Structures are given as C-alpha cells and as structure tokens.
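Examination of the molecular architecture
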Amino acid sequence: MSRVGTIQLDAVNVLERTQFLVPFSRLGSYDPASLRALSGPGGHWFEYWGHAASLLPMELQPLFRWRMERSRHDLLDNVGAKERRRAWRVAHAGYMAAVLTEVTDRGPLAASQLSEPRRRTGEWWDRRSLGRVALELLFGDGVLAAWRGTNFERVYDLTERVVPPEVLALPTPSPEDAQRELMALAGRCLGVATVADLADYFWLRVPAARPRVAELVEDGRLSKVSVEGWPQPAYVVADAVLSAPRRREATLISPFDSLIWTRARTQRLFQFHYRIEIYVPGPHRTHGYYVMPLLWGDELVGRFDLKADRKNRTLLVVAAFAEPGKAGGPVAEAAVAELHRLRQWLGLEGLAVGEKGDLAPYLRTATGTVLASGAP
C-alpha cells in the first residue's frame, strides 16, 4: 500500500475482486483474510473516494476531509447533479436523521439491515434503496465510515468508532495543502507522470491540480522533465532513483490496477491501447469480458480474458491475445507460469484454454489443455 498509495475497489467477481488481485500481482500468493483485516474499525486502512471507491492508508484520512466538506455542502461540479442532491437532502432530511440515529444506536449496519430500508425497483443506480442513498451521503460527508463485508456490501458506522482517535486528532489541512500532498504522493506512486496523470490518481480536476504541481516544483519536491514521445511535460519526485525492472516472471494485471487505470498514460508508456469491456455487449467485445494485461519486464505483451469456474474448480482462459510484434511462443511460456500461480492462489485445480485469440494455440501447446467447445 505504501508503494501504490491506494487500491481501487470493484464488485466484479468473475475471477476475483480487484482489491485482492492488485496485491497478488505484486506479492504473489497471500491470504485474502489478511487484506480484509487491514480495513474496518481500528484498522490500518479506510475506504473513501480516492480513485473511485478505494482503500487508503489510515494516515491519509485528513487529506480527504476537504472532499468530505464539499460533499456536506453538495459542491458537485455538475450543476444539475448538485441541485438534485440538494433537493433530495431537503425532501428526505427526516429520514436521513433517522438513519443516522439508527446507526448510532445499533452500531455497524449495512443498508439491507436498516429497520426501514425503503427499497426501490429500477435499473442500475435507481434500484438503490433510499436507505442506501442516505447511508452513502453520510459516508461521503464523512459522518459515517465504512468497510466491506465478505459479500462486498458496505457496512457503515460512525466515523469516530472506525477511524482511530489519534488519526481523528490530526489537524485538518487546507484544501490546497491536502491536494498538494496528494499530488506529491501520486508522483511517488506513478514514477513519471503528466499533470493530468497526477490529477487522475486521486480524482482531482486538472485546473485544481496544475497550481499544486507548480508549487511542488517550486518547493523542490517534484522535478519537471521531458519524456521522448510525450507532447506534455512530465514530473518525477526530485530524489527519484531510476532502476530497471528486477522481476523476471510475467505478471497479470487487474483491469483496475493503478499501473493501467489512466488509459492515455498506458498508451504513452506501453503503446498499449486498453479499455474495459465489461459493459460492452458480448458480440461487440474485442478481447473479452474481464481482460488482464500481461506485464513482462517493462512491456505489456498480451491480454487474457479470464474466468474462475468455481463449480468445476477450473481457471478458464476464455481468450488470449499477444500484442503486435510479440512472439506467441515465448509470451505463452511466460504466461503459463503466472496462470498456474493465479490458479493455485484462487484454490482452483484445473486450467483450461479456449480457442479465441491468436495466443490461444500457443497456450494450448504449452499447457496441453483445451476448453470444451461451447463453453463461455
């Protein structure tokens, strides 16, 4: 966590949820229960809106209080959304107060555990119960803190019962100071980045990030550099020491890993055009539903659409593609070892390779396995 600064959360569990995959990519096999134990009341990590819903080191909590303050005053960039939220608060003020009282009196609660959750029907976010909307607003405001249950549902409690007293006692920096520290942290985590890259790391707007980055340069904490092929100037931590990649094994990367979540930067760094196709209708997907790039040395050399068939205890390689110019045989050999590591960590017994993708034949040769015709 010290190296990446934040780990994004996501509910998709076709393989494993991303918050567990990110440490696996860097550490290899580990016990997911240890990660769960790091968040929650008195834990070392907290959840908040960092880069989307994110896990963050507890000591960073003061750096997000300005965002909580903006939430309390409904200071959204979208004027329409701001007015809708304010209207909702006014219309449901009594209910929000009742929800807060219930959490105060009963202790940690998920939205489904409220005595009056006020469920709704609808599509996507419109199907959220009014209870969940109220809890989410109180969470955004910093009044409540939250962590995830084993089913990924948020559990909410009063912030003072979740965040350690010594963290709550830390002074609240000004928004400018907090944003400056977040940009410095983003610079350390990214290695080399443009202003837009730095801003995206903790979801700041570029106009707000630009003066903070300039101040960090003036203070000697960031250095401005040029990168061959990059049209914009870039920034590195002033005392950064450059080193070549030391890891020899290939590594599968979650679609929500901070290494690749800024798509424009991924293109600039790796000449790798990537998009998540989870919400693309099946017939229109290019590479697959849950596609993990393969990092080998300092290159992204392939893409693997993966699925955990838990019923049959098998890791399915639904599709596999080599990047243009990459030899399929060596890429497949490098991938097989990582696929088996992933399979073993997930507690699966078999590995099956489908027919889709130019890398699939090389993988089938390397593994001696094949996915039955007609499988997903």
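I will try to describe carefully the structure that is included in this document.

So, how was this worked out
- Residues numbered from 1 in each chain as written.
- Predicted model: local features only at pLDDT ≥ 70, side-chain atom pairs only at ≥ 80, totals over all residues.
- Heavy atoms only, no water.
- Helix = DSSP H or I, 4+ residues; strand = E, 2+ residues; numbered from the N terminus.
- Rg over C-alpha atoms; globule rule 2.2 N^0.38 Å.
- Buried < 20%, exposed > 50% of the residue type's maximum accessible area, 1.4 Å probe, protein only.
- Pairing = 2+ DSSP bridges.
- Contact = heavy atoms within 4.5 Å.
- Core = buried A, V, L, I, M, F, W, Y, C linked by side-chain atoms within 4.5 Å.
- Expected span 1.5 Å × (residues − 1).
- Phe/Tyr/Trp six-rings, centres within 6.5 Å; stacked < 30°, edge-to-face > 60°.
- Axes fitted to C-alpha atoms, helices over the stretch in contact; angles between N-to-C directions.
- Parallel < 35°, antiparallel > 145°, perpendicular 65-115°, else oblique.
- Left-handed = near helix turned anticlockwise from the far one by under 90°.
- Polar contact = N/O pair within 3.5 Å; in protein donor to acceptor, adjacent residues only side chain to side chain.

Another aspect to go through is the overall build of the protein. Counting its regular elements, the protein contains 13 helices and 13 strands. Over its C-alpha trace the protein gives a radius of gyration of 22 Å, about what one expects of a compact globule, namely 21 Å for 376 residues. Expressed as lengths along the three principal axes of its C-alpha atoms, the size of the protein is roughly 65 × 55 × 40 Å. By the burial criterion, 51% of the 376 residues in the protein qualify as buried.

Glancing now at the pairing of strand 5 (residues 144-148). Among the 5 residues of strand 5, 4 are classified as buried, and the element is accordingly described as predominantly covered. Between the end of strand 5 and the start of strand 6 (residues 154-158), which pair antiparallel, lie 5 residues, with F152 showing a positive phi angle near 75°.

To continue, consider the environment of L158. When you line up the elements, L158 lands in strand 6. When the C-alpha positions of L158 and L100 are compared, they lie 8.5 Å apart, and in sequence the two are 58 residues distant. Residues within four places of L158 in sequence aside, it is in contact with L100, V103, T104, V143, L144 and A145.

One finds L15, F304, L339 and L363 to be the most contacted residues of the largest nonpolar core, which totals 97 residues. Apart from residues lying up to four places away in sequence, F304 is in contact with L252, Y290, V291, M292, L294, V317, A319, A320, A335, L339, L359 and L363.

Given a rise of 1.5 Å per residue, 16 residues ought to cover 22 Å, and the 22 Å separating the end C-alpha atoms of helix 8 (residues 175-190) matches this to within 8%. Along helix 8, the positions that sit buried rather than exposed are A178, Q179, R180, L182, M183, A184, L185, A186, G187, C189 and L190. Elements that come into contact with the buried residues of helix 8 comprise helix 3 (65-72), helix 9 (195-201), helix 10 (206-218), strand 8 (234-237) and helix 11 (263-270). G191, located one to two residues past helix 8, shows a positive phi value of around 90°.

The next thing to look at is the sheet that holds strand 10 (residues 291-296). In spatial order, the strands read 9-10-11-12-13; together these 5 strands make up an open sheet with mixed pairing. Two strands close off the open sheet at either side, each with one partner strand: strand 9 (251-252) and strand 13 (350-356). Pairing of strand 11 (residues 299-309) with strand 12 (residues 314-322), which is carried by 8 bridges, proceeds in the antiparallel orientation. In the strand pairing of strand 12, D309 is matched with T314.

This part takes up the sheet that holds strand 1 (residues 7-8). Hydrogen bonds between backbone atoms are what pair the strands of a sheet, whose relative direction is either parallel or antiparallel. The sheet built from 3 strands is open, its strands ordered 1-3-2 with antiparallel pairing. The open sheet is flanked by strand 1 and strand 2 (45-50), the only strands paired with a single partner.

Tallying each qualifying case throughout the model produces 11 aromatic pairs. With a centroid separation of 6.1 Å and 65° between ring planes, the pair formed by F64 and F202 is classed as edge-to-face. With F64 in the loop between strand 3 (52-57) and helix 3 and F202 in the loop between helix 9 and helix 10, the pair connects residues that are 138 residues apart, well separated along the chain. On the accessibility criterion, F64 (0% relative accessible area) is buried.

With that settled, the discussion passes to the pairing of strand 8. Residue alternation in strand 8 divides its side chains into two sets, A234 and V236 and Y235 and V237, and both sets are buried. Where strand 7 (residues 222-225) and strand 8 come together, 4 bridges link them in antiparallel fashion. Opposite V225, over in strand 8, you have A234 as the bridge partner.

With that out of the way, let us pick up the packing of helix 4 (residues 79-91) against helix 6 (residues 130-140). At their nearest, the axes of helix 4 and helix 6 sit 12 Å apart, and the two run at 110° to each other. With respect to helix 6, the element helix 4 is oriented roughly perpendicular. For the element pair helix 4 and helix 6, the recorded crossing hand is left-handed. From helix 4, R85, W88 and R89 reach across to helix 6, where they touch L130, V133, A134 and L137.

A word on the environment of E136. The topology assignment puts E136 in helix 6. On the basis of relative accessible area, E136 is assigned to the buried category, the value being 14%. Between the C-alpha atoms of E136 and L359, which are 223 residues apart in sequence, the distance is 43 Å. Once you skip the residues sitting within four places of it in the chain, E136 turns out to touch W49, R154 and Y156. Only 2.6 Å separates the side chain of E136 from the side chain of R154, close enough to count as a polar contact.

So, on to unusual backbone geometry. Located in the positive-phi region is A52, a residue other than glycine, with phi close to 60°. On the secondary structure map, A52 appears in strand 3. For W203, which is not glycine, the phi torsion reads 55° and is therefore positive. By relative accessible area, W203 is classed as partly exposed at 48%.

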